[in-house]
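Each chain is listed here by its residues.
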Amino acid sequence: MKKIIFILLLFFGLSNALFAHDGPVSEGVVVQANGNDAADFKRALILASNMHEVLTKAQFEIVVYGPSVKLLTAFSDEVPLIQKVQSEGIKVIACGRSLKSEHLKDSDLAPKITVVPFGAVHIVNRQKQGWQYIKP
């Protein structure tokens, strides 16, 4: 009996591993980036990039709000990483409210950054649309 249970567990475990790369669990994944430092921001971008390698059919968005929006400026040290994830088809989104509170304008941002009126509301709306939410 133990052998049968072991074989079944082994079979189902291997079958899950074999089919893990079939495709996305949902249409999209929205990643929140609102940490207190550049390391939190980088972690969100790298996580989205790594997940995109596996979930190739899913859309990805990284929503940045709070003080982290300063890292989206055209002269930020993070521009190369931002451009890398954008080149993979990952959309980087800035919160308009956070831009105002940090005294930034849309024109201060790196190229191809999308601005939404309220980042947290954008995340909630994506969840209502069936997107998966990740906070690294």
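Above this text is the structure in question.
Our subject in this report is the structure included herewith. Keep in mind the model is a prediction, meaning the values are calculated, not measured. Per chain, residue numbering runs from 1 following the sequence as it is written. pLDDT decides what is reported in this predicted model: residues at 70 or higher carry local features, side-chain atom pairs at 80 or more are listed and counted, and totals for whole chains, interfaces and linings draw on all residues regardless. Hydrogen atoms and water are omitted, and side-chain values are computed over all heavy atoms in the structure.

On to the overall build of the chain, then. When you go through the chain residue by residue, the secondary structure sums to five helices and five strands. Each helix corresponds to a stretch of at least 4 residues labelled H or I by DSSP, and each strand to a stretch of at least 2 residues labelled E; elements are numbered beginning at the N terminus. Secondary structure elements of the chain, listed N to C terminal, follow the sequence α-β-α-β-α-β-α-β-α-β. In the chain, which comprises 136 residues, the proportion classed as buried is 40%. Taking the intrachain contacts of the chain between residues at least 6 apart in sequence as the baseline, contacts between residues at least 24 apart amount to 71%. Residue burial considers only the protein chains on display, and all accessible areas are found by Shrake-Rupley using a 1.4 Å probe. By element, 61% of the accessible surface of the chain is carried by carbon and sulfur atoms, the whole surface being about 8,300 Å². For each residue, the accessible area found with a 1.4 Å probe, counting protein chains only, is set against the maximum for its type, and the residue is called buried under 20%, exposed over 50%, and partly exposed in between. Contacts are assigned to residue pairs that have any heavy atoms within 4.5 Å of one another.

Further remarks concern the nonpolar core. Note on soluble globular proteins: their nonpolar side chains tend to be buried together. Counting residues in hydrophobic clusters, the biggest one holds 27 residues, and the most contacted among them are Phe-41, Ile-62, Val-64, Leu-72 and Ile-113. Taken together, the elements giving at least two residues each to this core come down to strand 1 (28-33), helix 2 (38-54), strand 2 (59-64), helix 3 (79-87) and strand 3 (91-95). Residue contacts for Val-64: discarding those within four places in its chain leaves Ala-33, Phe-41, Val-69, Leu-72, Val-92, Ile-93, Ala-94 and Cys-95. In terms of nonpolar packing, the next biggest core, distinct from the first, is built from eight residues, Val-30, Val-63, Cys-95 and Val-116 among them. Grouping buried Ala, Val, Leu, Ile, Met, Phe, Trp, Tyr and Cys residues that are joined through side-chain atoms within 4.5 Å yields what is termed a nonpolar core.

Attention now moves to the pattern of salt bridges. Take a side-chain nitrogen of Lys or Arg and a carboxyl oxygen of Asp or Glu: if they are within 4 Å of each other, that pair is a salt bridge. One pass over the structure, following the stated rule, counts four salt bridges. Ionic pairing is found between Asp-40 and Arg-43, a salt bridge with its closest N-O pair at 2.5 Å. Taken as a pair, Asp-40 and Arg-43 lie in helix 2 at a separation of three residues, close to a single helical turn. In this structure, the salt-bridge partner of Lys-70 is Glu-102, at a minimum N-O distance of 3.6 Å. With Lys-70 in the loop between strand 2 and helix 3 and Glu-102 in the loop between helix 4 (96-101) and strand 4 (114-116), the pair connects residues that are 32 residues apart, well separated along the chain. Since its relative accessible area comes to 24%, Glu-102 is described here as partly exposed.

These figures come from the coordinates and say nothing about function on their own.
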